[in-house]
Amino acid sequence: MSRIGRAPIQIPQGVQVTINDHLVTVTGPLGTLTQKIDKSIDVKVEDGHVLCTRHSDDKDHRALHGLYRALIHNMVVGVTKGFEKSLIVNGVGYKVTLNGNNKMTMNIGFSHPVDFTAPEGVTFAQPQPLEIVVKGIDRQLVGQTAATIKAIKPVEPYHGYGIHYKDETVIHKVGKRATK
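The structure reproduced in this document is the subject of the present report. (Residues numbered from 1 in each chain as written. Predicted model: local features only at pLDDT ≥ 70, side-chain atom pairs only at ≥ 80, totals over all residues. Heavy atoms only, no water.)

Burial along strand β6 (residues 49–54) is one-sided: Val50, Cys52 and Arg54 are buried, while His49, Leu51 and Thr53, pointing the other way, are not. Inspection of the sheet shows strand β1 (residues 9–10) paired to β6 by 2 bridges, in the antiparallel sense. Considered in β6, the bridge of Gln10 is made with His49. Sheet analysis places strand β5 (residues 41–46) next to β6, joined by 6 bridges and oriented antiparallel. Looking at the pairing, Lys44 lines up with Leu51 of β6. The turn joining β5 and β6, which pair antiparallel and follow one another in sequence, is formed by 2 residues; a positive phi near 55° is taken by Asp47. (Buried < 20%, exposed > 50% of the residue type's maximum accessible area, 1.4 Å probe, protein only. Helix = DSSP H or I, 4+ residues; strand = E, 2+ residues; numbered from the N terminus. Pairing = 2+ DSSP bridges.)

In structure tokens, the structure reads:
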């Protein structure tokens, strides 16, 4: 049996989990998330815990067992604490300006400023002038938004100019060297 799939998910105080015809809805202090569950996985709420079980030991059912348990766990964490990804903008003359919580304008070495609007459910914060924090309750949406912003200006390997995650190590290449 899957080690991840069989682990129970504890429901914190203030979080409500409802299951209606293979649709799991998690409501908490930060918002509400829903996830459709495959018919081969049964989800139950018992004694303040969410339990996932599978119908058989088929390879596909084993894979879905851990997947849906992890998705439900991410929903519970999202509505209680939320998720965030930090991005660093590095470059000479690069500038990021926030216009409210869901719009930003980036001057990142192009001939024109780049405007980016956050999808619904995602907000931006700027603790430092060249740092962008993407926040939200949906882990997949926060990660996809951060990856989309990062893809606008990938890190250049010689000087390190571009956008990268805060915890990412940027590997620099050695440039041309003068020889005798």
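What follows covers the packing of aromatic side chains. Scanning the model with the defined rule gives 2 aromatic pairs in all. A ring pair is formed by Phe116 and Phe124, whose centres lie 6.0 Å apart and whose planes are at 50°; its orientation type is tilted. For Phe116, a relative accessible area of 13% corresponds to the buried category. Here the basic side chain of Lys85 rests over the ring of Tyr165, its NZ or CZ set 4.9 Å away from the ring centre. Against the face of Phe110 rests Lys153, its NZ or CZ located 4.8 Å from the ring centre. (Phe/Tyr/Trp six-rings, centres within 6.5 Å; stacked < 30°, edge-to-face > 60°. Lys NZ or Arg CZ within 6 Å of the ring centre and 35° of its normal.)

What follows covers the sheet that holds β5. Here we have 3 strands laid out as an open sheet, ordered β1-β6-β5, and antiparallel in their pairing. In this open sheet, the two edge strands, each paired with only one partner strand, are β1 and β5. Taken strand by strand, helix α1 (residues 59–80) contacts β1, β5 and β6, and its axis lies near 165° from that of β6. (Contact = heavy atoms within 4.5 Å. Axes fitted to C-alpha atoms, helices over the stretch in contact; angles between N-to-C directions.)

In short, shape yes, function no, at least from these values alone.
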